[in-house]
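Here's the letter readout for the chains.
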Amino acid sequence: LATLFFSQGVPMLLGGDELGNSQSGNNNAYCQDNETGWIDWSGLNDDPDFVESVRVLARLRQEFPLLRLARYVHGRMPTDAGWCDIGWLHPDGRPMQSADWNSSRVLALLFSNHQEQAEGSPITEAVAILFNASEKDVTFDLPPGLPEDLEVCFSSDPANGRGEGESSWSAAARSLVLLGNRTDA
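Treat the numbers as computed from the prediction; the structure is a model and nothing was measured. (Residues numbered from 1 in each chain as written. Predicted model: local features only at pLDDT ≥ 70, side-chain atom pairs only at ≥ 80, totals over all residues. Heavy atoms only, no water.)

(A) Geometry of the overall build of the protein chain. Check the secondary structure of the protein chain and you find 4 helices and 9 strands. Taken from N to C terminus, the helices and strands of the protein chain fall in the order α-α-α-β-β-α-β-β-β-β-β-β-β. Each of the three principal axes of the protein chain carries a C-alpha extent, and together these read 60 × 40 × 35 Å. Per-residue burial for the protein chain yields a buried fraction of 39% across its 185 residues. Taking contacts inside the protein chain between residues at least 6 apart in sequence as the whole, the part at least 24 apart equals 57%. (Helix = DSSP H or I, 4+ residues; strand = E, 2+ residues; numbered from the N terminus. Buried < 20%, exposed > 50% of the residue type's maximum accessible area, 1.4 Å probe, protein only. Contact = heavy atoms within 4.5 Å.)

(B) Highlighting the sheet that holds strand β1 (residues 77–79). One open sheet accounts for 6 strands, arranged β1-β2-β3-β4-β9-β6; its pairing is antiparallel. Two strands lie at the open edges of the sheet, namely β1 and β6 (151–155), each paired on one side alone. Put simply, the sheet's adjacent strands are angled 25° from each other on average, direction ignored. (Pairing = 2+ DSSP bridges. Axes fitted to C-alpha atoms, helices over the stretch in contact; angles between N-to-C directions.)

(C) Structural view of the sheet that holds strand β5 (residues 138–141). An order of β5-β8-β7 is seen for the 3 strands of this open sheet, with the pairing classed as antiparallel. The sheet terminates laterally at β5 and β7 (161–162), the two strands that pair on one side only. Looking at chain direction, β5 and strand β8 (residues 168–171) are connected through 4 bridges and run antiparallel. Its bridge partner lying in β8, Phe-140 is registered against Trp-169.

(D) The pattern of salt bridges, seen in detail. This structure, assessed with the given rule, holds 5 salt bridges. Taking the shortest distance from any N to any O, the salt bridge between Arg-55 and Glu-52 comes out at 3.5 Å. One end of the pair, Arg-55, and the other, Glu-52, are both in helix α3 (residues 48–63), 3 residues apart, so they sit about a helical turn from each other. Judged by its relative accessible area of 53%, Arg-55 is exposed. Among the salt bridges present, the one from Glu-63 reaches Arg-59, with a minimum N-O distance of 2.8 Å. In this pair, Glu-63 and Arg-59 are both assigned in helix α3, 4 residues apart and thus about one turn of the helix distant. For Glu-63, a relative accessible area of 31% corresponds to the partly exposed category. Residue classification places Arg-59 among the partly exposed residues on the basis of a relative accessible area of 43%. Several salt bridges share partner residues, and in doing so they unite Asp-92, Arg-94 and Asp-100 into one network. (Salt bridge = Lys/Arg side-chain N within 4 Å of Asp/Glu carboxyl O.)

(E) Up close: the pairing of strand β4 (residues 123–132). With 8 of 10 residues buried, β4 lies mostly within the body of the structure. Note: strand β3 (residues 106–114) against β4, 9 bridges, orientation antiparallel. Bridge assignment links His-114 to a residue of β4, and that residue is Ile-123. In this sheet, strand β9 (residues 175–180) lies alongside β4 in antiparallel orientation, the contact comprising 6 bridges. The partner of Asn-132 across the bridge, within β9, is Ser-175.

This is the structure:
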């Protein structure tokens, strides 16, 4: 659900997703007036940690405007808070290259607001989503110039956090991390 809440556009959540309702794999249950289509609300009590995670994800989406931009971002574009940019990064911090897309299960997505449109303009706000779909723990080295107050705002694994380097972050195997800096805007 984290990838859904952190994606651009409207999160397409179906009633019951927040408590793990699967309809037993039936994606056409609207026409069935039986247990297949009914929501078992006891799931709220069965896994309160999961339900709380959904609450946290919804709150973070609301808290970080970069996660809910009004327009699809491609290149540096104007927003109410400055100039927004998007970048897909290799774990070593460089932009993803064509070959990287086919050979890795590890990448980062960086949304950043800049004061001006010019290249090298200071970053005032940033959100980074670190994806580690591999079977090994990975260290991400983010590029320089990001806000110093970047912090872990969500982690699917408690082992995730700041790495040994100044702009280094660790992501456990098969995990996701949301980094952000909280602004007063």
